[in-house]
Every structure is written in C-alpha cells, then in structure tokens.
Amino acid sequence: MKLNLTTGIIPSLNVSAGLLGFFFVKSWAKFMEKSGMLKQPFTRQENTVIQTCVVATSGIAFSGGFGSYLFGMSSIVAGQSAKSIDAQNTKDPRLPWIIGFLFAVSFLGLFSVLPLRKIMVIDYKLTYPSGTATAHLINSFHTPQGAKLANKNSGQVLLLQLSVGFLSMVLYWWGWMWISNFPTFGLEAYENRFYFDFSGTFVGVGMICPYLINVSVLVGAILSWGLMWPLIKNRKGDWYSAMLSDSNLMGVQGYRVFLSIAMILGDGLYNFVKVLGLTIRGFIKQYKKMEVIPVTERGSPEKVSNSYDDEVRTKLFLKDGIPLWVSIVGYVAIAAVSIGVIPKIFHQMKWYYVLVIYIFAPVLAFCNAYGCGLTDWSLASTYGKLAIFAIGAWAGESHGGVLAGLAACGVMMNIVSTASDLMQDFKTGYMTLASPRSMFVSQVIGTAMGCIISPCVFWLFYKAFVDIGSPDSDYPAPNALVYRNMSVLGVEGFGSLPDHCLTLCYILFAGSIVINLIRDTVAKKWAKYIPLPMAMAIPFYLGPYFAIDMCVGSLILFIWGKLDKAKADAFGPAVASGLICGDGIWSLPSSILALAGVQPPICMKFLSRGTNARVDQFLSP
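Residues numbered from 1 in each chain as written. Predicted model: local features only at pLDDT ≥ 70, side-chain atom pairs only at ≥ 80, totals over all residues. Heavy atoms only, no water.

The name an unreviewed UniProt entry gives the protein chain is Putative metal-nicotianamine transporter YSL7, with Vitis vinifera as the organism. According to UniProt, the comment filed for the protein chain under the heading Sequence similarities (unreviewed entry) is "Belongs to the YSL (TC 2.A.67.2) family." Database annotation for the protein chain, UniProt heading Subcellular location (unreviewed entry): "Membrane". (UniProt positions renumbered as here; feature names shortened; annotations may be inferred.)

Structure follows, in structure tokens:
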C-alpha cells in the first residue's frame, strides 16, 4: 500500500512472500516442536500454500486501485484534474462501499481461467518466470543444506535488515525527517527533485527490480526533470499563463501528467499487440502439431513426460482436479450478483456496461494469463485503461462518464490481474508438488482477506494523512491523477490539454512504440541496454528522488555480486525483503500516531518541501 501511494511501482513479491513464509513459520514450528505440541515437519507444500495466500492478499492492494482508479474517483484528486470537481464524477472513499465493490469483482478472475490450468502449465509448458523462481526458492529451502542456510544466515540477514528499516523510520519520524529531503546534489538539483531520499523501501525495491527497470526510471527522470520541464518552464507566459502555479493542470503540471500518459499508453498498446500476437502464434503452433486443447483433465491425451520428475508433477497436478461445472457456476453466479451490486455502488455504471465487460473478460483474462506465462509481464493495467476509454466514451460526459470509466477499469483490472496471479501460483504449485485444489482454496481465502485488509490499511493512510494525494505529500498517489485524467480524455477528448501538449503527446506516444520496436527487432541483442518506455514514464510526474534510491539498491546488489556472487544471490532477496518490510511496517504505527494527533518535532522539518511551501506562503507580502 505504501508503494502504491508513493511511486506506484510494485515489484513481484512472490519471492519475498516465500522467504518470509518459510522463515516465520519455520521459527514458529521449531518453537511448537520444542514445546511438544507439533510432530509434523513444515513442508514445501505448506510453504507454497502460505505464499499463495499472502500474495493473493497483498495483490488486492494493487488491483483494488487504492493508488490508481479508486482513489482517482475522490474529490481530492478531482480537484487537481483537468476537469473541475463535479458531483456526478466524484465519489469519496468509504470503507463499506470499497469492501463491497472488491468482494463483487475480485473473485471472477479466479473462476474465469480455472478450467485452463492444464493447458497453461502442462500442455503449453509456459514458464511463468516469477512462479518458477519462487518454486526453486521454496524447493531449495526444503533440502537439508538449503534449510540450514535459510534458517541461520538468511534468517539473521532478514531480521537485521527488517530491524534496520524499522528503526530508521522511527528515527526519521522522531526528528531526522530533514535527512530524507537533504539537498544531496545541491540546491538547484533539489529544486528539480534530484536528491537521495534515504528510503529503505525504494532501496529494497531497487534490489528486487531488474537493473534495466531501475536504469529506465532514472533515464526517464533525467529526460523529464533534467531537460523537458526546465525547457517548458522557460515558455511560461507563452505556452501557458504565467499566473498559473506549478501544480495547475493547465500549466507545467499538465505537461507532466499528459506526457506521462502518452508514453504509458504507447508502451501499453505495443505490448498488448505483441502479447496478443504471441498468443495467436502459440495457438497456431499447437494446431499445426495436431494437439487437442482440453477443457478438463478427463478425456485429454496424456503427453509423454521428458523426465520422471515431470511425470510425478503431472500426475499429482491432474489428480486433484476441480470439476468444470464449479468454474462455470462460480463465474455465472458471481457475475450475476456483481451486475446487480455494482450499479448500486456507482449509479453511473449501468448494469449493461458490467454485462458487456463480463462477456469479454474471460477472453482477456486468458490472454493476460498466457502472456504473463510467456513474458512475466502482466498487462492488467493496460486492459484497465482500455476499459476506461471504452466505457467512459460510451457513458458520455453528461452521464458521469469519468466515474463510469474508472469503475469499469476497476472491474477489468481485478479480473485479469487475479487470473494471471492464479496461473503464476499454479506453476509454483506444480513445481513444488502442491495440491492444485489447496492452491485454489488458498487463493480464494487470500483474496477474501485482501478485500478486507487492504481497504482497512488504505483507510488508515486516508484518515491519518490529510495531504494524501497532493503533489507535495509523502503519499502523492501519482497514478490516481494519471488514471483520472485518462478517463477525462476518454470522455472529453483533447480539448482539456495545454498548448502544444497534444503535439508532444503524439511524439512521445510514437517514440515509445519505436523504442519497443527497436528493442524487439533491429537491436534485439542489445535490448538489455535500451530503456523501457513504461518505466521511463513513471518519474515524469513524481520526480527523480525515488529513481536515485532504486539505482542505489541496484548498485549495492551489483557491487555485492562482484565481491561474492553466491552470497549476493542467496541473501539479496532477504536484504531487500527486510528493508521493504521494516520500512513499510512503520507506516502502521505512524498512521495510528497521526490519527491520535501525535506529531514529530516540527523543528527538524525545515527542509521538507511541503513545510517550505507553507513557510514561503506565510512570509510572502
């Protein structure tokens, strides 16, 4: 949730969940065993089921839209948008309707692809890289040598980094808040948000994300805050009114937001077409081989396994079958309830809008799950953006099209996101010999937990931090403004853009497609050195500070790998998980303290951007 509300960059947490699940449950099992209350060992199958449940729960923090479409409905974000606040197009967060909405839409994705698990995992042998990596990690923990290593060294590293991350945030809150806003590279660079943030969360994320992602974010930050925004500011009074503040959408802020949207849409469209093409080509290859594509396990031809391990895995994976009627009845029943419930929550969202989404959703869920198996890239947010434009334009401006588009985004994102997550976990279960039925039940339980836990955690942030969602806040929720303005564009067209902004949008939209084409065709062997447009677009609105933190994380891991690659590979995930968890855990007590009115010493906040702005306003004549 903290990552959602700060940068919107959320790395794959499967490996972290597997590591944390092993360490904490293994420690608890040892305690129970010494007390004489536990006789059974902690198995890899149990570890896998725990990991599945945890990832399903935390996944709702992303697909629930607390940092994107859902918060984008609020009057806080609407006040910063290109469209003025309109009661018909705003809906402020409230726990009851958020929980009801998530329960209505979060389970459909699970039932939509459940019958296709054999096709994805066994027939097509899709790799699902994150799921496979998690399975290898869990399997290594449950060997005698791996268990000893994980128990002793990884556990110590995890606890140490978790403690460091937590204590650093306590010190930050107590009086060292200035250090996160220290002008590391000078005052002029600081004015353009180039400084080291000293955030354990972002350093940990940088250690988990591939080098290319981190470098791409930094390149995007330099391109935007180091080059484009200073040049556009020089056109103040020509391209936009000199009377507008930097946070006004008709001023420089509009260029930041809409140019970011252009790059995201260009990259999303390219990857959508690319993955769709790979999916169609995969089908053609299967048909050319004259392979039957079964819907259920019964009556389907058995493939000859390449190894004894594959035979054992396949036998166990098919043994715990889930009948086809369960998927069909589950999908239809939940869809029927959802079609009745969603228009009650959002009256702008007509029942036939929801019905049309549910007709096309299984196909898109399959495409996303298949593409994720090939590339490890979930396009859930891209499918959500397609729903924004389609439903928003259908509803129209006079019928609350902005809010309808955001709600449609939520419905679509939840379906396709949970579908790909389920298949990732099925791949992990296949590799660790876990029961598919247990995996599915764990996913359902985890999703239900997420539908309650995630809104409650978001509610803490929302009530505790009064400036949440504003550009100068510690929790700016950048994607919320981006998603809302996408919906505005879908409804109103391009009339709300500042001067010359549309031309620049065309250039960056085309540029992101060209960069991807170069990566995949002309310079394929050099692709690992070419930045990703989607990652480059993220700092356009936020600034470079978190990109610097993430690159520091990459640099730490790179140097560590050069000094001792074996230890870096073994303990890198533990260090990153500890930093993220230790930093993130402090968000809970800090929210409670803020709700109770307990504030840190103001004297140490002198370098905070928000405080400086308030002081400047107070001192101005």
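Okay, back to it.
Chemist: Would you mind going over the overall build of the protein chain with me for this structure?
Modeler: Looking only at helices and strands, the protein chain features 28 helices and 0 strands. Burial analysis of the protein chain (621 residues in total) assigns 55% to the buried set. Here the analysis covers contacts within the protein chain between residues at least 6 apart in sequence; of these, 81% occur between residues at least 24 apart. Carbon together with sulfur atoms contributes 68% to the accessible area of the protein chain, which is approximately 26,900 Å² in total. (Helix = DSSP H or I, 4+ residues; strand = E, 2+ residues; numbered from the N terminus. Buried < 20%, exposed > 50% of the residue type's maximum accessible area, 1.4 Å probe, protein only. Contact = heavy atoms within 4.5 Å. Areas by Shrake-Rupley, 256 points an atom, 1.4 Å probe, with all protein chains shown as cover.)

Chemist: Teacher, can you tell me more about the environment of Leu19 here?
Modeler: By the secondary structure assignment, Leu19 is in helix α2 (residues 14–34). Between the alpha carbons of Leu19 and Asn47 there is a distance of 9.0 Å; along the sequence they are 28 residues apart.

Chemist: Just checking my understanding: could you explain the pattern of salt bridges for this structure?
Modeler: Should the charged atoms of two oppositely charged side chains come close, the side chains can pair. Per the counting criterion, the structure on display carries 2 salt bridges. Here Arg235 makes a salt bridge to Asp238, at a shortest N to O gap of 2.5 Å. Using a relative accessible area of 46% as the deciding quantity, one classes Asp238 as partly exposed. (Salt bridge = Lys/Arg side-chain N within 4 Å of Asp/Glu carboxyl O.)

Chemist: What's the story with the nonpolar core in this structure? I'm lost.
Modeler: In summary, soluble globular proteins display a tendency toward joint burial of nonpolar side chains. Membership of the largest hydrophobic core comes to 150 residues, with the highest contact counts inside it found for Phe346, Met349 and Tyr358. Broken down by element, this core gets its largest block of residues, 18 residues, from helix α19 (residues 401–432). When residues no more than four places from it in sequence are discounted, the contact partners of Met349 are Ile342, Pro343, Val354, Ile357, Ile391, Ala404, Ala407 and Ala408. Formed by 6 residues, the second largest nonpolar core is a distinct cluster that contains Leu19, Leu137, Phe141 and Ala574. (Core = buried A, V, L, I, M, F, W, Y, C linked by side-chain atoms within 4.5 Å.)

Chemist: Looking at this structure, how should I read the side chain of Asn414?
Modeler: Among the structural elements, Asn414 can be located in helix α19. Here the side chain of Asn414 touches Ser63 through a polar contact of 3.1 Å, landing on its backbone oxygen. Not counting residues up to four positions away in its chain, the partners in contact with Asn414 are Ser63, Gly64, Tyr69, Leu102, Val105 and Ser106. (Polar contact = N/O pair within 3.5 Å; in protein donor to acceptor, adjacent residues only side chain to side chain.)

Chemist: Help me out: how do you make sense of helix α6 (residues 95–105) in this one?
Modeler: Because each turn of an α-helix spans 3.6 residues, side chains separated by three or four positions in sequence point in the same direction. Looking at α6, one finds that the buried residues are Trp97, Ile98, Phe101, Leu102, Ala104 and Val105. Here the buried residues of α6 occupy an arc of 160 degrees about the axis, which is enough to place them on one side. (Arc of directions from axis to C-beta.)

Chemist: Help me out: how do you make sense of a nonpolar patch on the surface in this one?
Modeler: A surface patch of nonpolar side chains, amounting to about 710 Å² of accessible area, comprises Trp351, Tyr352, Leu355, Val356, Ile359, Phe360 and Trp394. It is helix α17 (residues 351–375) that contributes the most residues to the nonpolar patch, 6 residues altogether. Tracing the sequence through the fold places Ile359 in helix α17. Under the relative-accessibility criterion, Ile359 is labelled exposed at 55%. (Patch = residues over 30% accessible without salt bridge, like charges linked within 9 Å, V, L, I, M, F, W, Y side chains within 5 Å.)

Chemist: Would you explain the packing of aromatic side chains in this entry?
Modeler: Remark: the centre distance and the inter-plane angle together describe each pair of aromatic rings, the angle taken between the planes. Within the structure shown, the criterion is met by 27 aromatic pairs. Summarising the aromatic geometry, the rings of Phe461 and Phe465 are spaced 6.1 Å apart at their centres and angled 35 degrees between planes, so their arrangement reads as tilted. For the residue pair Phe461 and Phe465, the accessibility class agrees, reading buried in each case. Put simply, the rings of Phe66, Phe71, Phe458, Trp459 and Tyr462 pair up and form one aromatic cluster. The ring of Trp97 has Lys91 sitting right over it, with the charged end atom 5.3 Å from the ring centre. A cation sits over an aromatic face here: Arg117 above Phe426, 5.9 Å from the ring centre. (Phe/Tyr/Trp six-rings, centres within 6.5 Å; stacked < 30°, edge-to-face > 60°. Lys NZ or Arg CZ within 6 Å of the ring centre and 35° of its normal.)

Chemist: Please clarify how unusual backbone geometry should be interpreted in this entry.
Modeler: Despite not being glycine, Ala477 has its phi angle at roughly 45 degrees, a positive value. Looking at the element boundaries, Ala477 is found in the loop between α20 (436–464) and α21 (478–492). Its relative accessible area of 1% is what places Ala477 among the buried residues. Even without glycine at this site, His500 takes up a positive phi of about 65 degrees. In this fold, His500 is placed in the loop between α21 and α22 (501–520). Residue classification places His500 among the partly exposed positions, given a relative accessible area of 44%.

Chemist: What's the story with the packing of helix α13 (residues 211–233) against helix α25 (residues 545–563) in this structure? I'm lost.
Modeler: Working note: a packed helix pair is described by the angle between its axes plus the distance between those axes. Close contact between α13 and α25 brings their axes to 9 Å; oriented N to C, the two are set at 145 degrees. Between α13 and α25 lies a crossing whose hand is left-handed. Contacts between α13 and α25 pair Tyr211, Asn214, Val215, Val217, Leu218 and Ala221 from the former with Phe546, Ala547, Ile548, Met550, Cys551, Ser554, Leu557 and Phe558 from the latter. Looking at the contact of α13 with α25 residue by residue, the classes come out as 12 nonpolar, 2 polar and no charged. (Axes fitted to C-alpha atoms, helices over the stretch in contact; angles between N-to-C directions. Left-handed = near helix turned anticlockwise from the far one by under 90°. Nonpolar A, V, L, I, M, F, W, Y, C, P; charged D, E, K, R; others polar.)

Chemist: How should the packing of α6 against helix α16 (residues 324–345) be read in this particular structure?
Modeler: It is at 9 Å that the axes of α6 and α16 come closest, and there the two elements cross at 150 degrees. Relative to α16, α6 is oriented roughly antiparallel. The handedness of the crossing between α6 and α16 is left-handed. Where α6 abuts α16, its residues Trp97, Gly100, Phe101, Ala104 and Val105 lie against Ile334, Ser338, Val341, Ile342 and Ile345. Counted by class, the contact of α6 with α16 contains 8 nonpolar, 2 polar and no charged residues. (Parallel < 35°, antiparallel > 145°, perpendicular 65-115°, else oblique.)

Chemist: Just to check I follow, could you spell out the environment of Met349 for this structure?
Modeler: With respect to the secondary-structure elements, Met349 resides in the loop between α16 and α17. Given a relative accessible area of 0%, Met349 falls into the buried group. As for Met349 and Gly392, which are separated by 43 residues in sequence, their C-alpha atoms are 9.6 Å apart.

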